Amino acid sequence: MRTLGIDTSNYTTSAAVYDPAGECKNAGRLLDVPEGALGLRQSDALFAHVKRLPEQFEALRAAGLLERIAAVAASARPRAVEGSYMPCFLAGASQGRVLAAALGVPFFEVSHQQGHIAAAAWSAGRLDLLDRTHLAWHLSGGTTELLLVEPEVGNVKAVRVGGTSDISAGQLIDRTGKLLNLAFPAGKALDALSRTAGERTSFAVKVKGLEFSLSGVENKVKALAEEGKTAGEIAWFALDTVVQAVRRATAEALGQWPGLPVLCSGGVASNGRLREVLMGSCQAIFAEPQYSTDNAMGPALLASRFLERKLGKEL
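This is a predicted model, so every value here is computed, not measured. Per chain, residue numbering runs from 1 following the sequence as it is written. Side-chain atom pairs in this predicted model are given and counted only at pLDDT of 80 or more, local residue features only at pLDDT of at least 70, and totals for whole chains, interfaces and linings cover all residues. Hydrogens and water molecules were not included; the side-chain quantities draw on all heavy atoms of the structure.

1. Brief notes about helix 2 (residues 89-103)
- In this model, helix 2 (15 residues) spans 21 Å end to end at C-alpha, consistent with the 21 Å of a helix rising 1.5 Å per residue.
- Burial here depends on accessible area, computed with a 1.4 Å probe over protein chains only, as a share of the maximum for the residue type. Under 20% is buried, over 50% is exposed, and the range in between is partly exposed. By definition, any uninterrupted DSSP run of H or I lasting at least four residues is a helix, any uninterrupted run of E lasting at least two residues is a strand, and each is numbered from the N terminus. Within helix 2, burial applies to Phe 89, Ala 91, Gly 92, Ala 93, Gly 96 and Ala 100.
- Next to the buried residues of helix 2 lie strand 1 (2-8), helix 1 (42-62), strand 4 (69-77), strand 5 (107-111) and helix 3 (112-123). Under the convention used throughout, the expected extent of a helix is 1.5 Å for every residue step, that is, one less than its residue count. Contact between two residues is taken to exist if any of their heavy atoms lie within 4.5 Å; hydrogens are not considered.

In structure tokens form, the structure reads like this:
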């Protein structure tokens, strides 16, 4: 029973097929961002998705995966909360509805965040997490949120319990990357660069409860550059500052919800240093890097779960 998922975030155009008894494949492409820019305007991202989606469907068709599609799901908004909206998701949601209508199959709306959680759990071999309460980090270019996740019918309910109060981890990383003349998005290159650092320092941001701020760290990064620190040392400083803040907030959360598994999703969750620290401190669960970044496997998986519940009720 194959299901099709679509995700059109502000970074990547993605389409995926999930087959619990066969091949699963995500076809994705980063949006083209002009050199020196830190992303695209929503109107430009929406236009880019409309152009790029046919390429992703063609890749799935070439792999022989677009036959016998039983349901379609798409990320229709950033988070499953009132008022959450971003125009770029209209590209995937509208095409998903059209495809489902043409195929005569059900269409399901999910949030980008729910898709991240589902893809991370699947990639880590921990689908059981979707049927039990757990903690999850959504760490990306636009979001740094600690979530209390509980199962819902065919989906998950994610409630924000902590995270950043201003800029996201991904924004700090990309701004640091721009300072160091790295291509956008800068996460992978900054991670590699940080490993060359001779002096390895970081800043202990204030963690109040489960909340912390990263806006002041950007100024400290600029100050390091003015002091003549190496690119590797600056990269380590920015990344490890984020990592240590996440570690401390996670420890605080586990004090409130002892024993809960901790799942990490989002593009920043592919960072090597973060994986080392959180796996060592709390046995955190991570997706494979390609399913940490934006992808459509989560919506495709959730479509399968929605369909199973729907068929179960009909039977």
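2. Focus on the side chain of Gln 114
- Within the secondary structure, Gln 114 sits in helix 3.
- Exposure remark for Gln 114: the relative accessible area of 7% places this residue in the buried category.
- Here a polar contact is taken to be a pair of N or O atoms separated by no more than 3.5 Å, where protein atoms must pair a possible hydrogen donor with a possible acceptor and residues adjacent in sequence count only if both atoms sit in side chains. A polar contact is formed between the side chain of Gln 114 and the backbone oxygen of Val 156, at a distance of 2.8 Å.
- Not counting residues within four places of it along the chain, the set of residues in contact with Gln 114 comprises Ala 80, Glu 152, Asn 155, Val 156 and Leu 302.

3. Re the pattern of salt bridges
- For this analysis, a salt bridge means a side-chain nitrogen from Lys or Arg found within 4 Å of a carboxyl oxygen belonging to Asp or Glu. Evaluated as defined, the whole model comprises 23 salt bridges.
- In this structure, Glu 276 and Arg 195 form a salt bridge, with 3.1 Å as the shortest nitrogen-oxygen distance. Of this pair, Glu 276 sits in helix 8 (residues 272-282) while Arg 195 sits in the loop between helix 5 (187-194) and strand 9 (207-208); the two residues are 81 residues apart in sequence, bridging distant segments of the chain.
- For Glu 276, a relative accessible area of 45% puts it in the partly exposed group.
- Relative accessible area serves as the criterion here: at 33%, Arg 195 is assigned to the partly exposed category.
- One connected set of salt bridges, linked through shared partners, spans Asp 191, Arg 195, Asp 240, Arg 273 and Glu 276.

4. Comments concerning the environment of Glu 308
- Structurally, Glu 308 can be placed in helix 10 (residues 297-314).
- The spacing of Glu 308 and Met 1 is 307 residues in sequence and 9.7 Å in space, taken between C-alpha atoms.

5. Here we look at the pairing of strand 8 (residues 155-164)
- Paired strands, in this sense, are two strands between which DSSP finds at least two bridges. Pairing of strand 7 (residues 144-152) with strand 8, which is carried by 8 bridges, proceeds in the antiparallel orientation. Within strand 8, the residue paired with Pro 151 across the bridge is Val 156.
- What sits between the antiparallel neighbours strand 7 and strand 8 is a turn of 2 residues, in which Gly 154 has the positive phi angle 75°.
- Here strand 8 runs beside strand 10 (residues 211-212); their pairing, made up of 2 bridges, is parallel. Residue pairing in the sheet places Thr 164 in a bridge with Phe 212 of strand 10.

6. Topic: the nonpolar core
- Put simply, buried Ala, Val, Leu, Ile, Met, Phe, Trp, Tyr and Cys residues joined by side-chain atoms within 4.5 Å make one nonpolar core. Membership of the largest hydrophobic core comes to 40 residues, with the highest contact counts inside it found for Trp 137, Phe 212, Leu 214, Val 246 and Cys 264.
- Mapped by element, the contributors of at least two residues to this core are strand 6 (134-139), strand 7, helix 4 (169-179), helix 6 (215-226), helix 7 (231-256), strand 11 (262-265) and helix 8.
- For this core, the leading source of residues is helix 7, giving 11 residues.
- Discounting chain neighbours no more than four positions away, the residues touching Trp 137 are Thr 144, Glu 145, Leu 146, Gly 163, Phe 212, Val 246, Ala 249, Thr 250, Val 262, Leu 263, Cys 264 and Ser 265.
- Val 110, Ile 285, Ala 300 and Phe 306 belong to the second largest nonpolar core, which has 30 residues in total.

7. A closer look at the packing of aromatic side chains
- Aromatic rings from Phe, Tyr and Trp, with only the six-membered ring used for Trp, were paired whenever their centres fell within 6.5 Å, and each pair was classed as stacked if the ring planes differed by under 30 degrees, edge-to-face if by over 60, and tilted otherwise. Counted according to the given criterion, the structure contains 5 aromatic pairs.
- Ring centres of Trp 122 and Tyr 291 lie 5.0 Å apart, and the angle between their planes is 90°; on these two criteria the pair is classed as edge-to-face. In this pair, Trp 122 sits in helix 3 while Tyr 291 sits in helix 9 (residues 289-292), placing the two residues 169 residues apart along the sequence.
- Given the relative accessible area of 21%, Trp 122 is considered partly exposed.
- Taking relative accessible area as the criterion, Tyr 291 reaches 10% and is therefore assigned buried.
- Residues Trp 137 and Phe 212 carry aromatic rings whose centres are separated by 6.4 Å and whose planes lie at 50° to one another, so their mutual orientation is tilted. Of the two residues, Trp 137 is situated in strand 6 and Phe 212 in strand 10; the sequence distance between them amounts to 75 residues. Comparing Trp 137 with Phe 212 shows no difference in burial state: the two are buried.

8. A few points about the side chain of Ser 194
- Structurally, Ser 194 can be placed in helix 5.
- Ignoring any residue separated from it by four or fewer positions in sequence, one finds Ser 194 in contact with Arg 200, Gly 232, Ala 235, Trp 236 and Leu 239.

9. Thoughts on the packing of helix 5 against helix 7
- It is at 7 Å that the axes of helix 5 and helix 7 come closest, and there the two elements cross at 115°. Viewed along their axes, helix 5 and helix 7 adopt a mutual orientation that is roughly perpendicular. Relative to helix 7, helix 5 is oriented so that their crossing is left-handed. Between helix 5, through Leu 190, Asp 191, Leu 193 and Ser 194, and helix 7, the contact on the second element is made entirely by Ala 231, Gly 232, Ala 235, Trp 236 and Leu 239.
- Asp, Glu, Lys and Arg are counted as charged, while Ala, Val, Leu, Ile, Met, Phe, Trp, Tyr, Cys and Pro are counted as nonpolar; the rest, among them Gly, fall into the polar class. Taken together, the residues that form the contact of helix 5 with helix 7 break down as 6 nonpolar, 2 polar and 1 charged. Interaxial angles span 0 to 180 degrees and are taken between N-to-C directions of axes, which are lines fitted to C-alpha atoms, for helices over the stretch in contact. When describing relative orientation, an angle under 35 degrees is termed roughly parallel and one over 145 degrees roughly antiparallel, while 65 to 115 degrees is termed roughly perpendicular and anything else oblique. Each helix crossing is assigned a hand: it is left-handed if the near helix lies turned anticlockwise from the far helix by less than a right angle, otherwise right-handed if that turn is clockwise.

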